[in-house]
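As a plain string of letters, each chain reads:
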Amino acid sequence: MRVLVVEDDEGIATGLEAHLRQLGWAVDITDSVDTAWTALRVEPFDLVLLDLGLRGGDGAEVLRRLRQVPPARLPDAATPVLVMTARDQVAARIECLDMGADDYVTKPFDPDELSARMRALRRRSLGRAQPLITAGALEVDPANRTVLQDGQPVELSAREFGVLLALIEVRPRVLSRPQIEAQLYSWDNALDSNAVEVHVHHLRKKLGEAVIRTLRGVGYFVPEDKP
Ligand code: CA
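These remarks concern the structure in this document. (Residues numbered from 1 in each chain as written. Predicted model: local features only at pLDDT ≥ 70, side-chain atom pairs only at ≥ 80, totals over all residues. Heavy atoms only, no water.)

1. Things to note about helix H1 (residues 10-22)
Stated precisely, the cut-off is as follows: Helix and strand definitions here come from DSSP, where helices need a minimum of 4 consecutive H or I residues and strands a minimum of 2 consecutive E residues; each element is numbered from the N-terminal end. For a helix, the expected span equals 1.5 Å multiplied by the number of residues minus one. Only protein chains enter the area calculation, which uses a 1.4 Å probe; residues under 20% of their type maximum are buried, those over 50% are exposed, and those in between are partly exposed. By definition, residues are in contact when any of their heavy atoms lie within 4.5 Å. Any pair of nitrogen or oxygen atoms within 3.5 Å is treated as a polar contact; in protein, a donor-acceptor pairing is required on top of that, and neighbouring residues in sequence qualify only through side-chain atoms on both sides.
Across its 13 residues, H1 extends 18 Å between first and last C-alpha, which sits within 8% of the 18 Å expected from 1.5 Å per residue. All of the buried residues along H1 are Ala13, Leu16, Glu17, His19 and Leu20. Where H1 is buried, its residues meet strand S1 (2-6), strand S2 (26-30), strand S3 (47-51), strand S6 (81-86) and helix H5 (111-125). The N-terminus of H1 is capped by aspartate 9, whose side-chain oxygen sits 2.9 Å from the backbone nitrogen of glycine 11.

As structure tokens, this is what we get:
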């Protein structure tokens, strides 16, 4: 999952970044309405964490612009938005929810509660209610970042898990290499050009060749279960 954090408090932003990256998510930070809007117009994000009290303006402006654009014209127009507000900002929270925000937390918040809410939003945005994702003999747990195959735990690196989760969440849709990379790496992460291929290679060694298929020239996908 790729997350855009819009937060002008450097301490909070840095703490959030560390917490979310450690969960295997790609995190990008912006600190103003304009930089957030620029990011959303050019990059695909799966979720936006939005602080309302930005120095350069009202964070709700990002939400307003995002939800006004017809979805076909902006890849992120339907991206879930989780608003971060001060405890006493009840009116602002109501306004944001009615403007198209999907959830909120009040500061100071517990980071684990925040990430659980983010997983819930991700499930909903993918049309899924169950916390575990099953595919054939695989059972993937996004919260605990564990994988069982035929009931047996499989050891995966953080990146391997990220690639598998990205593909299995949207199966049987095909994801291109750049689409997978976008879910694993943010702007400032160095990236080997063949990193995704290497992770897929390792995943196939650990889980079997048939788990991840290649659509030549397009990308990778996890096939649907055979009836
Ligand atoms: Ca702020």
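Having seen the model, we can carry on.
2. A short note on the pairing of strand S7 (residues 103-107)
Going by this rule: When DSSP finds at least two bridges between two strands, those strands are taken to pair. Note on handedness: a clockwise path from strand one over the helix to strand two, with the strands aimed away from the viewer, defines a right-handed crossover.
In this structure, S6 lies alongside S7, joined through five bridges in parallel fashion. Bridge pairing links valine 83 to tyrosine 104 in S7. Viewed along the sheet, the connection from S6 through helix H4 (residues 90-98) into S7 turns out right-handed.

3. With respect to the pairing of S6
Most of S6 is tucked away, with five of its six residues classed as buried. Where S3 meets S6, four bridges bridge the pair, whose relative direction is parallel. Considered in S6, the bridge of valine 48 is made with valine 81.

4. Considering the packing of helix H2 (residues 33-42) against helix H3 (residues 60-68)
Stated formally: For helices, the fitted axis covers only the stretch in contact; all axes are lines through C-alpha atoms, and the angles between them, taken along N-to-C directions, range from 0 to 180 degrees. Here the angle decides the label: under 35 degrees means roughly parallel, over 145 means roughly antiparallel, 65 to 115 means roughly perpendicular, and every other value means oblique. Handedness of a helix crossing follows the sense of rotation of the near helix relative to the far helix, less than a right angle counterclockwise being left-handed and clockwise being right-handed. Ten residue types, Ala, Val, Leu, Ile, Met, Phe, Trp, Tyr, Cys and Pro, are classed as nonpolar, four, Asp, Glu, Lys and Arg, as charged, and the remainder, Gly among them, as polar.
Put simply, H2 and H3 touch, their axes get as near as 9 Å, and they point 30 degrees apart. On the basis of the axis angle, H2 is roughly parallel to H3. In this structure, the crossing between H2 and H3 has a hand that is right-handed. Every residue of H3 that contacts H2 at Val33, Asp34, Ala36, Trp37 and Leu40 is listed here: Glu61, Val62, Arg65 and Leu66. Grouping the amino acids of the contact of H2 with H3 by side-chain chemistry returns six nonpolar, no polar and three charged.

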